[in-house]
Amino acid sequence: MNRPVDRADDNRKASRGSSGSALKWMLDNIVWIWLIVLVLIFGALNSFFLTIPNLQNVLIQATVLGLLGIAVAVSLMVAEIDLSIAANMGFSSVLGAMLSVQDGMPWWLGMLIGVLAASAIGFFNGLCITWLKMVSLIETLAMMIFLQGALLAVTHGKTITSMPDGYLWIGQARFFGWPVMPLVFLVVLLAGAFFLRKTVPGRCLYAVGGNLAAAEAAGIRANRIKILAFTLSGFLSGIAGYLLASWQMAITSNQGSSFLLYAIAAPIIGGVSVFGGRGHIVGILGGVLLLTVIQVGLAIVAVPSFYVGMIGGLMIFVAVAIDAIRVRMGAG
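A. Expanded view of the packing of aromatic side chains. Under the counting rule described, the total for this entry stands at three aromatic pairs. For the pair Phe175 and Phe176, a centre-to-centre distance of 4.5 Å together with 85° between the ring planes defines the contact as edge-to-face. The exposure classification of Phe175 matches that of Phe176, with both residues exposed.

This is the structure:
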């Protein structure tokens, strides 16, 4: 007697389940959907957008933003945030360049010292946040302001040029007509994917960010993992600083300051949770490519630069909203 009613209930549940699964799939892959749609739109508005030279330009610009995006993602995975990455990038690059230009140091040694300095700054951030229990948002904000002032003091407001050819090679070299610099981003992506998925420290990042109390109960030394996360963030900032200086062939007194907001937005758009414990390299890549396509596409179709800033802020807002919906659906 009740079989027709039961079947109707089952059909409704199945329908709700399929629609919920479809919505979840869309939210998980929204970055790639946006990317495809925007590529088609910009390609229709200006045929140059789909050419090989512009594709190379997108890859070059995505390299620096991608390294900074991964740097932000590493700190987000442990439920913290590093706002000093862009300033760290600028300061470490000017340190390495000045050692090469003014002090006559070999370019590779100057570059190495700059990257090590950026890593040390990240390590110091981690110590302050774990040992002194400082709030990462405020501590890294203070470090950002300090490094911005230090960069201005070191450069005296001037632009540094005339860097050694070896220092500039990676940013200018081409192989069969294709830029070499994006290969660094590719190597970092592969290394990051391996680290996060196949190593114990990488898995511990997820554990600490997902549930700190449970991670500590399981014997994970959360403070060490957080220090590692901020050290890696600083290291990636140093690499990004060297690549940016090599590509631009110059270092300004506000080097890298425009990257911060997009570097924060890229991993969040790509699925890295602001609440910690979730994210993957493929999603970060999608977020980086999406924001780079937006910047390059708006420039090609001659949209005024101040609208680009507005769109960047809107993207961050949308990304956080989508992340909140993901978390609610996961809890449900």
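Continuing now.
B. Broad picture of the nonpolar core. Of all hydrophobic cores here, the largest spans 87 residues; its most connected members are Val64, Leu67, Ile70, Leu243 and Leu291. Per element, the largest residue contribution to this core is 14 residues, and it comes from helix α3 (residues 52-77). When neighbours within four sequence positions are excluded, Leu67 is seen to be in contact with Phe185, Val188, Leu236, Ile239, Ala240 and Leu243.

C. Structural view of the environment of Ser93. Relative to the elements of secondary structure, Ser93 occurs in helix α4 (residues 85-101). Taking the C-alpha atoms as reference points, Ser93 and Ile251, separated by 158 residues in sequence, lie 7.7 Å from one another. At 2.8 Å, the side chain of Ser93 and the backbone oxygen of Gly90 are in polar contact.

D. Expanded view of unusual backbone geometry. Positive phi, normally seen in glycine, also occurs at Ala79, with a value near 65°. Here Ala79 shows up in the loop between α3 and α4. The phi dihedral of Ser162 falls on the positive side, at around 55°, and the residue is not glycine.

E. Expanded view of the side chain of Ser84. Mapped onto the elements, Ser84 comes out in the loop between α3 and α4. Note on Ser84: relative accessible area 0%, which makes it buried.

F. View of empty space enclosed by the protein. Enumeration according to the criterion identifies one cavity of 30 Å³ or more in this entry. Taken together, Ser92, Ser93, Gly96, Gly110, Met111, Gly114, Val115, Tyr167, Gly238 and Tyr242 make up the lining of the largest cavity. Mapped onto the lining of the largest cavity, the elements with two or more residues apiece are α4, α5 (107-130) and α11 (222-248). Ranked by the residues each element gives to the lining of the largest cavity, the list is headed by α5, at four residues.

G. Structural detail: the packing of α5 against helix α6 (residues 136-155). Direction vectors running N to C along α5 and α6 enclose 145°, while the axes themselves pass 10 Å from each other. The hand of the α5/α6 crossing is right-handed. Contacts between α5 and α6 involve Ile121, Phe124, Asn125, Cys128 and Ile129 on the former and, on the latter, Ser136, Glu139, Thr140, Met143 and Leu147.

H. Representation of the pattern of salt bridges within the structure. Taken as a whole, this structure holds one salt bridge when the rule is applied. The residue Lys226 makes a salt bridge to Glu80 at a minimum N-O spacing of 2.9 Å. Here the residue Lys226 occupies a position in helix α11, and Glu80 occupies one in the loop between α3 and α4, the gap between them amounting to 146 residues. Accessibility expressed as a relative area gives 12% for Lys226, which makes it buried. The exposure class of Glu80 is buried, given its relative accessible area of 14%.

I. Structural context of a nonpolar patch on the surface. A cluster of nonpolar side chains, Val135, Leu137, Ile138, Leu141 and Ile145, forms an exposed patch at the surface whose accessible area comes to about 450 Å². Structurally, Leu137 is set in helix α6. For Leu137, a relative accessible area of 43% gives the class partly exposed.

J. Quick peek at the packing of helix α8 (residues 181-198) against helix α9 (residues 200-210). Their axes nearest at 5 Å, the elements α8 and α9 cross at an angle of 70°. As summarised for this structure, α8 and α9 are arranged roughly perpendicular, according to the angle between their axes. Between α8 and α9, the contacting residues are Phe195, Leu196, Arg197 and Lys198 on the first element and Val200, Pro201, Gly202, Arg203, Leu205 and Tyr206 on the second. Here the residues of the contact of α8 with α9 are counted per class, giving six nonpolar, one polar and three charged.

K. Inspection of the environment of Gly286 at higher detail. Turning to its location among the elements, Gly286 is positioned in helix α13 (residues 281-300). Sequence-wise, Gly286 and Val154 are 132 residues apart; in three dimensions their C-alpha atoms are separated by 36 Å. Excluding its chain neighbours within four sequence positions, the residues that come into contact with Gly286 are Val31 and Trp32.

Calculation criteria
- Throughout, a residue's number is its position along its own chain's written sequence, starting from 1.
- Selection of residues for local features in this predicted model requires a pLDDT of at least 70, selection of side-chain atom pairs for listing and counting requires 80 or more, and totals for whole chains, interfaces and linings are taken over all residues.
- With hydrogens and water stripped out, all remaining heavy atoms of the structure feed into the side-chain values.
- Here is the rule: rings of Phe, Tyr and Trp (six-membered ring for Trp) pair when centre to centre is within 6.5 Å. Planes less than 30 degrees apart are stacked, more than 60 are edge-to-face, and the remainder are tilted.
- Burial classes: relative accessible area under 20% of the type maximum marks a residue as buried, over 50% as exposed, and values in between as partly exposed (1.4 Å probe, protein chains only).
- Residues grouped as a nonpolar core are buried Ala, Val, Leu, Ile, Met, Phe, Trp, Tyr and Cys residues, joined through side-chain atoms within 4.5 Å.
- Only runs of H or I of at least four residues qualify as helices and only runs of E of at least two qualify as strands under DSSP, and these elements are numbered from the N terminus.
- The contact rule is simple, with two residues in contact once any of their heavy atoms fall within 4.5 Å.
- Think of a polar contact as two N or O atoms within 3.5 Å of one another; within protein, one of them needs to be a possible hydrogen donor and the other a possible acceptor, and neighboring residues in sequence only count if both atoms come from side chains.
- Only protein atoms enter the 1 Å grid, on which a cavity is a set of points fitting a 1.4 Å probe that cannot get out and a pocket is an open set with protein on both sides within 12 Å along at least 5 of 7 lines, lining residues being those with an atom within 4 Å of a point.
- Grid points are joined across faces, edges and corners, and a volume is the space filled by probe spheres set on the points.
- Inter-axis angles, ranging from 0 to 180 degrees, are taken between N-to-C directions of lines fitted to C-alpha atoms, where helices are fitted over the stretch in contact.
- If you view the pair so one helix is near and one far, a crossing is left-handed when the near helix is turned anticlockwise from the far one by less than a right angle, and right-handed when it is turned clockwise.
- Whenever a carboxyl oxygen of Asp or Glu lies within 4 Å of a side-chain nitrogen of Lys or Arg, that contact is scored as a salt bridge.
- Residues form patches when they are more than 30% accessible in relative terms and have no salt bridge. Like charges link within 9 Å. Nonpolar side chains (Val, Leu, Ile, Met, Phe, Trp, Tyr) link within 5 Å.
- Each accessible area is a Shrake-Rupley estimate made with a 1.4 Å probe; only the visible protein chains count as cover when residues are assessed.
- For classification purposes, an angle smaller than 35 degrees is called roughly parallel, one larger than 145 roughly antiparallel, one from 65 to 115 roughly perpendicular, and anything else oblique.
- Each residue is assigned to one of three groups, with Ala, Val, Leu, Ile, Met, Phe, Trp, Tyr, Cys and Pro labelled nonpolar, Asp, Glu, Lys and Arg labelled charged, and all others, Gly among them, labelled polar.

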